[in-house]
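Examination of the molecular architecture
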Amino acid sequence: YSCKTATNNIVAFFASIGEFILLSDGAYCKGRKRLKEGFLSSLTHKVSNGLQEDLTEEQLWKGRRVKTIDGSSFIMPDTPENQEVYPQWRQKEGCGFPIARFAVMFCLCTGMVLEFYIAPMSVSERRLFQKIYQHILERDIILGDRGCCSYAEMATLLLDRHVDSVFRCNATKKVDFRRGRWLGYYDHIDTWKKPNHKVVWMTQEEYNQLPNTLQVREIRYSIDTPGFR
């Protein structure tokens, strides 16, 4: 959002409730620069948690909250301060902009950001997801892409807080619909076996506590809308 777009949205909001204000984008930009990062973080949590508490039964899915997680990266202005905290990633020194990785969790119902973590690119996306998982509540349902789809994560979420996860299948996972319990066309329940080796982010003790098998429902469907995968 540019400052001009932001101020236009604020003016339009007040106009929609019958109030008219004058706000310049210059004043808005100056005020925004004075805001501290900690204030913005606490404000985000206060607003999103307040909306979560006000959700009605009709807004939930079968009485459960659905949250989605994702990660990406972004570049920042090339300042010494940014370069020190978020150095260039796999580039020759002086040949790129500071770049950071982030992971975020949204409420699927309200669209509000619930948790947000930023780190240098040297920190894996999976590490950031581990921090987000600490804030997932019991009986939540988590949506994620194929980067989240692993035996260790699905089993850990289920065991710790009875959290169900819905992930796109990892590209390395071979799905065979001739196995398992048939439920319908390209729809079955398969038994996943515990990996022989623990993942990097998990301790040996945590790995030993994982169940030897996990019942996973696998489905396949086609998206026929042009322009959508």
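The structure reproduced in this document is the subject of the present report. From a predicted model like this one, the values you see are computed outputs, not experimental measurements. (Residues numbered from 1 in each chain as written. Predicted model: local features only at pLDDT ≥ 70, side-chain atom pairs only at ≥ 80, totals over all residues. Heavy atoms only, no water.)

1. Quick look at the sheet that holds strand 6 (residues 181–184)
One open sheet holds the three strands; their spatial order is 6-7-8, and the pairing between them is antiparallel. Taken across any chain shown, the strands that pair with only one partner, and hence form the sheet edges, are strand 6 and strand 8 (213–219). Shown here is a sheet whose adjacent strand axes are inclined to one another by a mean of 30 degrees, direction ignored. Both strand 6 and strand 7 (residues 187–193) contribute to a ladder of three bridges, which runs antiparallel. Across the sheet, W182 pairs through a bridge with H188, a residue of strand 7. (Pairing = 2+ DSSP bridges. Helix = DSSP H or I, 4+ residues; strand = E, 2+ residues; numbered from the N terminus. Axes fitted to C-alpha atoms, helices over the stretch in contact; angles between N-to-C directions.)

2. What to know about the packing of aromatic side chains
Per the counting criterion, the structure on display carries six aromatic pairs. A centroid spacing of 6.5 Å and a plane angle of 25 degrees characterise the contact between F129 and Y133, whose relative ring orientation is stacked. Linking F129 with Y133, this pair stays in helix 5 (residues 125–133), spanning four residues, or about one helical turn. When its relative accessible area of 5% is taken as the criterion, Y133 is described as buried. Three or more aromatic residues joined by ring pairs form one cluster here, namely F74, F102 and F116. The ring of Y207 has K194 lying over it, and the distance from NZ or CZ to the ring centre is 4.3 Å. (Phe/Tyr/Trp six-rings, centres within 6.5 Å; stacked < 30°, edge-to-face > 60°. Buried < 20%, exposed > 50% of the residue type's maximum accessible area, 1.4 Å probe, protein only. Lys NZ or Arg CZ within 6 Å of the ring centre and 35° of its normal.)

3. Focus: the state of the cysteines
Evaluated as defined, the whole model comprises one disulfide. Disulfide partner of C3: C29, at an S-S distance of 2.1 Å. Linking C3 in helix 1 (residues 3–16) with C29 in helix 2 (residues 25–33), this pair joins segments that are 26 residues apart in sequence. Judged by its relative accessible area of 13%, C3 is buried. Cysteine C107 shares no disulfide, and the gap to the nearest cysteine sulfur, in C109, comes to 5.2 Å. The exposure class assigned to C107 is buried, which follows from its relative accessible area of 4%. Unpaired in this structure, C148 has its nearest cysteine sulfur neighbour in C149, at a distance of 8.6 Å. According to the relative accessible area criterion, C148 is buried, its value standing at 0%. (Disulfide = S-S within 2.5 Å.)

4. Observations regarding the sheet that holds strand 5 (residues 164–167)
Read from one edge to the other, the open sheet built from five strands follows the order 3-2-1-4-5, with strand pairing classed as mixed. Strand pairing shows two members of the sheet lacking a second neighbour, strand 3 (113–120) and strand 5, which therefore form its edges. Strand-to-strand twist in this sheet, taken as the mean axis angle between neighbours without regard to direction, amounts to 20 degrees. Contacts from helix 5 reach strand 1 (66–75), strand 2 (99–107) and strand 3 within the one sheet, and its direction differs from that of strand 2 by about 35 degrees. (Contact = heavy atoms within 4.5 Å.)

5. Side note on the side chain of E218
As for its position among the elements, E218 is in strand 8. When sequence neighbours within four positions are dropped, the list of residues in contact with E218 reads K173, V175, F177, Y186, D187, H188, D190 and W192.

6. Looking at the packing of helix 1 against helix 2
In a packed pair of helices, the relevant descriptors are the angle between the two axes and the axis-to-axis distance. Running from amino to carboxyl end, helix 1 crosses helix 2 at an angle of 105 degrees, the nearest separation of the two axes being 9 Å. It follows that helix 1 is roughly perpendicular to helix 2 by the angle criterion. Counted together, C3, K4, A6, T7 and I10 of helix 1 and D25, Y28, C29 and R32 of helix 2 form the full contact between these two elements. For the contact of helix 1 with helix 2, the residue count by class is five nonpolar, one polar and three charged. (Parallel < 35°, antiparallel > 145°, perpendicular 65-115°, else oblique. Nonpolar A, V, L, I, M, F, W, Y, C, P; charged D, E, K, R; others polar.)

7. Some details on the nonpolar core
A general tendency of soluble globular proteins is for nonpolar side chains to be buried together. Of all hydrophobic cores here, the largest spans 30 residues; its most connected members are I69, Y133, I136 and M154. Residue contributions to this core peak at five residues, all from helix 6 (residues 151–161). Sequence-distant contacts of Y133, defined by excluding residues within four places in its chain, comprise I69, C148, E153, L157 and R161. (Core = buried A, V, L, I, M, F, W, Y, C linked by side-chain atoms within 4.5 Å.)

8. Points about a nonpolar patch on the surface
Taken together, the side chains of L35, F39, L40, L43, V47 and L51 make up a nonpolar region of the molecular surface, amounting to roughly 480 Å² of accessible area. If you trace the backbone, F39 turns up in helix 3 (residues 37–53). What makes F39 partly exposed here is its relative accessible area of 42%. (Patch = residues over 30% accessible without salt bridge, like charges linked within 9 Å, V, L, I, M, F, W, Y side chains within 5 Å. Areas by Shrake-Rupley, 256 points an atom, 1.4 Å probe, with all protein chains shown as cover. Salt bridge = Lys/Arg side-chain N within 4 Å of Asp/Glu carboxyl O.)

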